[in-house]
Structure formats: C-alpha cells, structure tokens
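Given next are the chains, with one letter for each unit.
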Amino acid sequence: MKQKMTAAQKNEAMWAWLFVAPTMLGLIILNFYPIINTVYQSFCKTGDFGRGNVFIGLKNYATVMSDGETWQAFINTIKYAIIEVPFSIVIALVLAVFLNRKMHGRAVYRTIFFLPMVCAPAAVAMVWRWLYNQQFGLLNNIFHTNIAWISDPKIAWISIGVIGVWSIIGYNMVLFISGLQEIPKDYYEAAEIDGATGIRQFFAITIPLLSPTTFFIVQTRIIGALTVFDLMFMVMDKTNVALRKVESVVYLFYQYAFTNGDKGRGATLVMVLLIFILIVTAILQKSEKKFVFYN
Amino acid sequence: MESVRVKTRVTQVTIHVILIIFSFIMIVPFAWMILTALKTNQEAISVDPFYIFPAHGWHWENFGTVWKSYNFLYLYRNTLLMIFFRVVCACLTATMAGYAFGRLRFPGKKFLFSLVLIQMMVPAQIFIIPQYLMVSKMGMLNTTFGLVFPGLVTAFGTYLLKTGYQGLPRDLEEAAGIDGCNIGQKFLLIMMPLTRSSMVSLGIFTAVFAFKDLMWPMIVCTNAETTTLSAGLAKMQGQFSSDYPSMMAAAVLAVMPMVIIYIIFQKQFVEGIATSGGKL
C-alpha cells in the first residue's frame with residue numbers, strides 16, 4: 001500500500017506538519033491529556049492539588065450516583081433547559097421573521113436584542129438579582145407584589161430560566177436572520193400569487209426551509225443549557241433556601257472540585273455529565289432526518 | 001385595493017408595537033442598572049415605583065468610589081491582557097493549522113482533523129481540573145499566563161479557518177507556484193490575507209467569550225489584583241451584596257467597555273459571531 005512520496009509531496013507534507021504542529025501539540029496537552037486525566041481521576045480519591053491519588057475503582061461513581069443532590073442537580077439542569085431552549089428559540093424566530101425585511105429602525109432593534117450577548121453573564125446576573133430583590137427590587141415594586149423570585153424553590157428555577165432566555169434571544173435571532181436570508185425570495189413571490197397569507201407562508205415555506213438552521217440552534221442551545229453555570233453561581237447565594245432546587249450540574253461540579261477540593265468526585269460528576277450529553281447528542285443526530293428538511 | 005393597504009398598514013404597526021415591547025424588556029435591566037448606580041443606597045431601597053430617577057442629584061461619584069475600592073484598574077488590565085493574548089494565539093495557531101487542513105495534502109491529515117472535531121464535541125468542563133492542576137504545578141496561578149492557558153490553541157478556530165481556506169480559488173496558488181513561491185510564501189503572502197474576514201470573526205468570537213468567561217478566572221486567579229472583570233464581580237458580590245448602587249456601578253464599569261466597542265463595530269460583531277457561531 002505504501003508508496004514512496006515524490007519530493008514535492010514530501011515538501012508539502014513537511015510544511016503541513018510544521019503548520020499543524022502548534023495546534024496539535026496544544027490540543028494534546030490542553031485537551032486530550034486532560035480527558036484521559038479526568039477519566040483517571042474519576043477512579044481516584046484525590047488529595048490536595050491532585051497529589052496522593054489513590055485508586056478506588058468505581059467508588060466515586062457509586063457515591064455520586066447514590067447522592068440525591070446529583071439527581072436533583074440533573075433535574076434542575078433539565079428544567080432550566082426546558083425553559084431556556086424553547087422560549088429563546090421561538091421568540092428569536094418570531095423576532096427574526098419580523099426583522100428580515102426592509103423596515104424603519106431595523107438596525108436599532110437588532111442592536112438592542114443582541115446587546116446581552118456582549119455583556120458578561122456575571123454582570124447580567126447581578127442586575128437581574130437586583131431586579132428580583134424581594135424587598136427593594138423593581139419587579140415587586142412595579143407589580144405591587146411580594147414574590148420571593150429567587151428564594152422560593154417553586155419559582156426560582158423559572159426566574160433563572162427567564163434570565164437565560166433574555167440573555168440568548170439576540171444570539172439565536174441573528175443566526176435565524178442569516179438562515180432566513182438563504183431562503184430564495186421566489187418561493188414567497190409564488191405563494192403571494194397563489195394568495196397565501198403571511199402566516200400560511202410562515203408555516204408552509206419558512207419553517208421547513210429554515211429547519212437546518214433551527215436544528216443547529218436547538219442542538220447548540222441544548223448543550224449550552226446543560227452546561228449552565230454562571231447564572232446559578234451569580235444569582236444564588238450559598239445561603240439561599242432555593243439553591244438545592246436550582247443548582248445546575250456544573251455548579252455542583254464546581255463546588256465539589258474547587259470549593260471542597262474533592263477533585264475525584266468532581267471528575268466523576270463531570271464524566272457522568274459527559275456521558276449524558278453524548279447520549280443527548282446521539283438522540284438529536286438520529287432525529288435530524290425526521291425534523292430537518294433538505295432540498 | 002384600499003382594504004389591502006389598510007391591512008398591511010395594520011400589520012406594520014402591530015409588528016412595530018411587538019418589537020418595541022421586546023426592546024423595552026431588553027433595555028429595562030440596563031436602564032435600571034445605570035439608574036441605580038447613580039443613586040444613594042437610601043434612594044435605591046426606597047420602595048416607590050415612581051421613584052425612577054435619582055431625586056437628590058446624580059451620584060456620579062459612585063463610579064469613582066467603586067473604581068478605587070475594587071481596584072478596577074487591575075481588573076481592566078488583566079481582562080485586556082487575557083483577551084489580547086488569547087486572540088493573538090488563537091488567530092496565529094488557527095490560521096496556520098487551518099491552511100494545512102484546508103489546502104495541503106499530508107499523511108495523517110484525516111486522523112489529526114478528527115482530533116480537532118472530537119475536541120469540539122466535548123464540553124469544556126471536562127478539561128478544567130487537569131488544566132488547573134497543570135497551571136498550579138507550573139506555579140502559574142494568579143498570572144496572565146494562567147488566564148490565557150486554555151486558549152493557547154483553538155480547535156473551533158482551526159475548523160473555522162479551514163472552511164475559510166477551502167473556499168478560496170485554486171488558481172491563485174497555482175499562479176504563485178509558477179512564480180516560484182514556496183508553500184510558506186504562498187501562505188503568508190497570498191492565502192492568509194484573503195481569509196481576513198474569517199480571522200476577524202474568530203478574533204471577535206474569541207474576545208467576547210474570553211471576556212464572558214467566569215469559572216476559569218475564578219479558579220486560577222483568586223487574588224483581586226490578578227483576576228478579570230467577571231471573576232472580580234463575583235468576588236465583590238460576595239463581600240458587598242447589600243450596597244446596591246455600588247454593585248450596579250461595578251456592573252456598569254464591567255460591561256461598558258465591551259458595549260461601547262460593540263456599538264461602534266456592531267456590524268463586525270454581529271456578523272463575526274453569527275458566521276462563527278453558525279459554523280460551530
């Protein structure tokens with residue numbers, strides 16, 4: 001099978017290896033070694049700074065899987081995703097359809113909707129926490145209510161989800177707009193001649209032809225939502241009574257690995273999360289043919 | 001005919017009303033952040049829905065107080081350095097690797113590119129513990145190097161630039177080959193300048209995501225003098241959570257630089273994030 005390379009081919013290969021060397025070296029040190037190391041640590045009881053790793057087999061997995069807090073964190077994360085993903089996508093789609101035409105103020109609207117995307121989630125969460133403040137917050141003040149937005153376990157997860165939706169709408173919208181621009185205009189013109197209304201055009205043309213974009217956004221948003229951390233960390237105090245019902249898997253991972261210094265347990269939890277995400281991805285890939293329309 | 005025109009007019013107005021309502025929802029948190037930052041704490045916590053603007057003068061000095069007491073100069077410097085080095089490293093390594101993957105033939109190409117794709121599929125949290133341990137073993141905690149470390153190379157950027165290079169016409173390179181350019185010269189003089197828009201996208205994408213990152217700076221830079229804006233805010237909130245004007249002034253200081261840059265370069269920002277995000 002192996003053929004001798006010509007001098008020109010050799011030359012090309014040398015240049016190519018030179019060019020990919022920094023990236024590949026970096027990926028091996030920064031990503032592939034860490035994957036293996038995380039797997040290894042998940043089988044270990046770790047001392048401080050990773051020293052004194054003692055192999056304990058599946059014990060970490062047994063601890064993590066039998067801990068109610070793990071399961072609660074997974075439920076919390078899924079609940080967050082159920083708020084963030086559909087709402088941010090549907091609202092963004094509607095806004096994108098509205099903005100995908102010549103109209104006054106189009107650029108201004110786009111700038112405003114996209115604004116949260118360039119703001120640090122830490123700052124965004126701080127502001128929302130102030131809006132949600134039970135005694136002095138703007139929301140309770142305007143509506144003359146006395147709702148514990150972020151410390152009532154029954155509603156805190158929705159309040160956090162709302163921040164997530166608010167933060168990501170603009171991003172989804174921009175992706176939808178670039179998807180919409182790829183739909184040929186003549187489809188709509190033909191529909192116009194046939195007398196189809198705007199709403200009918202939306203369901204008969206826009207939705208199916210936009211489905212590759214939609215599928216892509218759904219997929220990235222689901223994975224993004226399953227790894228949410230910043231919002232929970234910034235909005236929920238450690239003393240907040242609703243924390244248990246809101247904390248995400250990555251939040252719990254941060255607590256185990258970096259607040260409590262139990263790297264083994266943190267590594268185990270993040271491995272469980274990885275497996276979960278891989279399963280979700282596989283299911284999504286399988287369902288792609290069903291939901292996505294390619295012409 | 002008249003009724004059709006009335007109907008489209010009504011639709012137009014409805015659309016604008018919906019868009020204005022949404023714009024309002026998007027703006028209110030920002031407005032309230034800025035207005036609170038300009039009040040005294042007494043004013044901020046006075047429970048009156050119509051008490052929107054500061055009544056007893058606008059307290060601009062809140063910004064000065066926060067600036068001094070939280071060492072914002074350090075936070076800005078650290079954030080800026082982290083963004084600068086991450087953008088430079090990402091663009092440099094990704095453009096080289098992207099060219100090789102997009103344009104050159106070499107043994108092992110398929111395998112190496114599959115490693116790039118695998119890295120993109122794995123959530124970043126998997127890498128954090130070992131990355132932290134490496135930085136810690138090198139004695140690089142609380143340094144700029146520590147902040148930049150996970151962003152030295154980028155699988156996603158490599159993928160993005162590879163698609164950029166693939167889209168360029170073949171004959172350019174062939175012409176350069178006839179003129180006696182070697183591969184390095186072809187890359188540097190002809191091909192790289194043509195992928196400028198992909199590079200700008202990658203740069204903006206890298207900068208925005210470095211700026212927003214919270215967990216990594218919190219882990220590797222625990223000192224107030226060495227950490228970034230995001231992690232600095234987290235620290236402040238833990239210490240001074242009931243001084244609302246100060247907290248909001250800090251939040252304003254943390255988001256404003258990026259917001260101003262965004263408003264100036266919004267076309268590049270939106271396109272950069274949309275094109276790179278769209279290929280993610």
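This one's a predicted model, so the numbers in the text were calculated from it and none came from an experiment.

Trainee: Explain the overall build of chain B to me, please; I cannot follow it from the model alone.
Mentor: Secondary structure assignment for chain B yields 15 helices and zero strands. Relative to the 2.2 N^0.38 estimate, which gives 19 Å for 280 residues, the radius of gyration of chain B is 24 Å and therefore markedly larger than a compact globule would have.

Trainee: Which parts of the structure should I look at to understand the overall build of chain A?
Mentor: A count of helices and strands for chain A gives 13 helices and two strands. Taken over C-alpha atoms, the radius of gyration comes to 24 Å for chain A, far larger than the 19 Å a tight globule of 295 residues would show. Judged by the C-alpha coordinates and their principal axes, chain A covers about 75 × 75 × 35 Å. Buried residues in chain A amount to 41% of all 295 residues. Long-range contacts, defined as pairs at least 24 residues apart, comprise 71% of the intrachain contacts of chain A with a sequence gap of at least 6.

Trainee: How do you make sense of the interface of chain A and chain B when you look at a structure like this?
Mentor: The interface of chain A with chain B comprises 70 residues on the first partner and 75 residues on the second. When its residues are assigned to classes, the side of chain A that touches chain B shows 53 nonpolar, 13 polar and four charged.

Trainee: Whenever I open this one, the confidence of the model for chain A confuses me. Can you help?
Mentor: Note that predicted coordinates carrying low pLDDT should not be read in detail. Residues of chain A with pLDDT of at least 70 account for 97%, and the chain-wide mean is 91. Within chain A, the lowest mean pLDDT, 82, falls on strand E2 (residues 54-55) of chain A, and the highest, 96, falls on helix H3 (residues 68-99) of chain A.

Trainee: I would appreciate a short explanation of unusual backbone geometry in the present structure.
Mentor: Note: most peptide bonds trans; most residues except glycine with negative phi. The residue His144(A) is not glycine, and still its phi comes out positive at about 50 degrees. Tracing the backbone through its elements, the reader meets His144(A) in the loop between helix H6 (138-143) and helix H7 (153-180). Phi angles above zero are rare outside glycine, and Asn142(B) is one such case at about 60 degrees. Checked against the element boundaries, Asn142(B) lands in the loop between helix H6 (125-137) and helix H7 (144-148). Here Asn142(B) falls in the partly exposed class, since 17 other C-beta atoms lie within 10 Å of it.

Trainee: What is the right way to look at helix H10 (residues 183-194) of chain B in this model?
Mentor: Here H10(B) contains 12 residues, and its C-alpha end-to-end distance of 15 Å stays within 8% of the 16 Å for a straight helix at 1.5 Å per residue. The set of residues buried in H10(B) consists of Ile183(B), Lys186(B), Phe187(B) and Met191(B). Viewed end-on, H10(B) has its buried residues packed into an arc of 95 degrees, placing them on one side of the element. Within H10(B), the exposed residues directed more than 90 degrees away from the buried face are Gly184(B), Leu189(B) and Pro193(B). Looking at the buried side of H10(B), the elements it contacts are helix H1 (7-41) of chain A together with helix H4 (72-103), helix H8 (155-166) and helix H9 (170-178) of chain B.

Trainee: Just to check I follow, could you spell out the domain arrangement of chain B for this structure?
Mentor: Accessible area lost on assembly of the parts is the figure often given for the size of an interface. All names here are of chain B. You can read the domains of chain B as domain 1 (2-64) and domain 2 (71-279). Domain 1 and domain 2 are separated by 34 Å when their C-alpha centres are compared. Contacts between the two partners involve 12 residues from domain 1, matched on the other side by nine residues from domain 2. For the side of domain 1 that touches domain 2, the elements supplying multiple residues, two or more each, are helix H1 (2-37), helix H2 (41-44) and helix H3 (61-69). With four residues, H1 is the single largest residue contributor to the side of domain 1 that touches domain 2. Residue classes in the side of domain 1 that touches domain 2 are distributed as six nonpolar, five polar and one charged.

Trainee: For this particular structure, what's the right way to read the nonpolar core?
Mentor: What tends to happen in soluble globular proteins is that the nonpolar side chains get buried as a cluster. Counting residues in hydrophobic clusters, the biggest one holds 155 residues, and the most contacted among them are Ala123(A) and Ala251(B). Of the residues forming this core, the biggest block, 13 residues, is contributed by H7(A). Lining this core are residues from two domains, each supplying at least three of them: domain 1 (2-64) and domain 2 (71-279) of chain B. Residues contacting Ala123(A), with those up to four places away along its chain left out, are Leu233(B), Ala251(B), Ala254(B) and Val255(B).

Trainee: Even after reading the chapter, I still don't get the confidence of the model for chain B, so can you show me in this structure?
Mentor: Residues and elements named next belong to chain B. Per-residue pLDDT for chain B averages 89, and the proportion of residues at 70 or more is 96%. Across chain B, element-level confidence peaks in H7 with a mean pLDDT of 97 and bottoms out in helix H15 (residues 266-279) with 77. Interface confidence in the predicted complex, given as ipTM, is 0.91; pTM for the same model is 0.92.

Trainee: For this particular structure, what's the right way to read the environment of Ile261(B)?
Mentor: Turning to its location among the elements, Ile261(B) is positioned in helix H14 (residues 244-264). The sequence separation of Ile261(B) and Ile129(B) amounts to 132 residues, and the corresponding C-alpha distance is 33 Å.

Trainee: Would you mind showing me how to read the packing of H1(A) against H6(B) here?
Mentor: Helix packing geometry: the angle between the two helix axes and the distance between the axes. The interhelical angle for the contact between H1(A) and H6(B), taken along N-to-C directions, is 90 degrees, at an axis separation of 8 Å. The angle between H1(A) and H6(B) falls in the class roughly perpendicular. Contacts between H1(A) and H6(B) involve Leu30(A), Asn31(A), Tyr33(A), Pro34(A), Ile35(A), Asn37(A), Thr38(A) and Gln41(A) from the first element and Ile126(B), Phe127(B), Ile129(B), Pro130(B) and Gln131(B) from the second. Its residues assigned to classes, the contact of H1(A) with H6(B) comprises eight nonpolar, five polar and no charged.

Rules behind the numbers
- Residues numbered from 1 in each chain as written.
- Chains lettered and ligands numbered in written order.
- Predicted model: local features only at pLDDT ≥ 70, side-chain atom pairs only at ≥ 80, totals over all residues.
- Helix = DSSP H or I, 4+ residues; strand = E, 2+ residues; numbered from the N terminus.
- Rg over C-alpha atoms; globule rule 2.2 N^0.38 Å.
- Buried ≥ 20, exposed ≤ 12 C-beta atoms within 10 Å, placed from the backbone.
- Contact = placed C-beta atoms within 7 Å.
- Nonpolar A, V, L, I, M, F, W, Y, C, P; charged D, E, K, R; others polar.
- pLDDT = per-residue confidence, 0-100.
- Expected span 1.5 Å × (residues − 1).
- Arc of directions from axis to C-beta.
- Domains from an automatic or database assignment.
- Core = buried A, V, L, I, M, F, W, Y, C linked by C-beta atoms within 7 Å.
- Axes fitted to C-alpha atoms, helices over the stretch in contact; angles between N-to-C directions.
- Parallel < 35°, antiparallel > 145°, perpendicular 65-115°, else oblique.

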